[in-house]
Structures are given as C-alpha cells and as structure tokens.
Amino acid sequence: QVQTVESGGGLVQAGGSLRLSCTASGSIFSFNVMGWYRQAPGKQRELVARISSSGSTNYADAVKGRFTIARDNAKNTVHLQMNSLNVEDTAVYYCHVQIRAGTYSRLTDFWGQGTQVTVSS
C-alpha cells in the first residue's frame, strides 16, 4: 500500500505564489511519473504538470511559464511551485504518483487526498 501526503495549499491573492508538496511512502520499488492535477467546481479534473522518472516535464498551457514541477527522488517527493497565481487557478489540487511495488510489478497509480488552492482577486 502507498500513502501520499500533500501540503502547501491555502488562500493567496492574485499575483502571489504557493508551493505544493507531495510525499509518497509505503511499498514502493520505483517511481514512474509524478504529477499534479486540479479540479475546479463544476469542471473535470485536468492535468497541471507532470514529471517523468528521467526528469522530463509536461505542463498545461494555462500554467506554462508560471508553474514549475520538480521531484526529489531521495525524499519520494514532488513539488509544484506556483507563481503569478490568478483567480482561474482556484481549484483542488491532487498529487498523482505512478509506482512499481517490485521489480516486475505493474505500474500502479495513487492519488493524494487533494489540497485546496484559492486565489482571491
């Protein structure tokens, strides 16, 4: 079993910054993709950013140039630095990790419980 703990959400004014962190623990042999998704009220969950095991990154167009994703493999942690936040960034942000529990295990997805990010105008 794998547990994920998220931190760093909160309330911030437009133009401000927040840093989200997600640490995974448990039966983990290796990590594949780690990333962040978000879901605003009345909308579907969408990809914000993800980072592969090799360090390559993908960002949603809406956050390119403002958000930066990074991973600390030694600490099983993925961070999301969010700058120049605007009201449209308001959502619940979910951590996503894809892991293998063993050398020949299949890839398995785990999600965090979600952390609220609210940007006020």
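Preceding this section is the structure that the text describes.
Everything quoted here is computed from the prediction, not taken from an experiment.

1. Looking at the state of the cysteines
Alright, step 1. Inspection of every chain in the model, using the stated rule, returns one disulfide.
Alright, step 2. Across the disulfide, Cys-22 is cross-linked to Cys-95 (sulfur-sulfur distance 2.0 Å). The sign of the S-S torsion, about -75 degrees, decides the handedness of the disulfide formed by Cys-22 and Cys-95: left-handed. Here Cys-95 lies in strand β9 (residues 91-100) and Cys-22 lies in strand β3 (residues 18-26), a separation of 73 residues in the sequence. Of the two residues examined, Cys-22 and Cys-95, each falls in the buried class.

2. A closer look at the environment of Gln-98
Alright, step 1. By secondary structure assignment, the location of Gln-98 is in strand β9.
Alright, step 2. By relative accessible area, Gln-98 is classed as buried at 16%.
Alright, step 3. The spatial distance from the C-alpha of Gln-98 to the C-alpha of Ser-30 is 8.7 Å, given a sequence separation of 68 residues.
Alright, step 4. Once residues within four sequence positions are removed from consideration, Gln-98 is found in contact with Ser-30, Phe-31, Asn-32, Val-33, Leu-107, Thr-108 and Asp-109.

3. Examining the pattern of salt bridges
Alright, step 1. Evaluated as defined, the whole model comprises four salt bridges.
Alright, step 2. For the salt bridge of Glu-46 with Arg-38, the shortest nitrogen-to-oxygen distance reads 2.8 Å.
Alright, step 3. By relative accessible area, which is 6% here, Arg-38 ends up buried.
Alright, step 4. The residue Asp-89 makes a salt bridge to Arg-38 at a minimum N-O spacing of 2.9 Å. Remark: Arg-38 occurs in strand β4 (residues 30-39) and Asp-89 occurs in the loop between β8 (77-82) and β9; sequence separation between them is 51 residues.
Alright, step 5. Classification of Asp-89 by relative accessible area gives buried; the value is 1%.
Alright, step 6. By sharing partners, the salt bridges in this structure join Arg-38, Glu-46, Arg-66 and Asp-89 into a single network.

4. Things to note about the environment of Val-63
Alright, step 1. Residue position: Val-63 is located in the loop between β6 (57-59) and β7 (67-72).
Alright, step 2. Look at Val-63 and you get buried, because its relative accessible area is 0%.
Alright, step 3. Sequence-wise, Val-63 and Met-82 are 19 residues apart; in three dimensions their C-alpha atoms are separated by 8.5 Å.

5. Section: the nonpolar core
Alright, step 1. Judged by nonpolar contacts, the single largest core of 28 residues is most densely connected at Trp-36, Val-48, Phe-67, Val-78, Leu-80, Met-82 and Tyr-93.
Alright, step 2. For this core, the secondary-structure elements that each account for two or more residues are β3, β4, β5 (46-51), β7, β8, β9 and β11 (115-120).
Alright, step 3. Take this core: its biggest share by element is five residues, from β9.

6. What about the side chain of Arg-71?
Alright, step 1. In this fold, Arg-71 is placed in strand β7.
Alright, step 2. We note that Arg-71 is buried and unpaired, the nearest opposite charge coming from Asp-72 at a distance of 8.6 Å.
Alright, step 3. At 3.2 Å, the side chain of Arg-71 and the backbone oxygen of Ile-51 are in polar contact.
Alright, step 4. The residues touching Arg-71, leaving out its near neighbours within four places in the chain, are Phe-31, Asn-32, Met-34, Ile-51, Ser-52, Ser-53, Thr-77 and Val-78.

Definitions and cut-offs
- Residues numbered from 1 in each chain as written.
- Predicted model: local features only at pLDDT ≥ 70, side-chain atom pairs only at ≥ 80, totals over all residues.
- Heavy atoms only, no water.
- Disulfide = S-S within 2.5 Å.
- Helix = DSSP H or I, 4+ residues; strand = E, 2+ residues; numbered from the N terminus.
- Buried < 20%, exposed > 50% of the residue type's maximum accessible area, 1.4 Å probe, protein only.
- Contact = heavy atoms within 4.5 Å.
- Salt bridge = Lys/Arg side-chain N within 4 Å of Asp/Glu carboxyl O.
- Core = buried A, V, L, I, M, F, W, Y, C linked by side-chain atoms within 4.5 Å.
- Lys, Arg positive; Asp, Glu negative; His and termini not counted.
- Polar contact = N/O pair within 3.5 Å; in protein donor to acceptor, adjacent residues only side chain to side chain.

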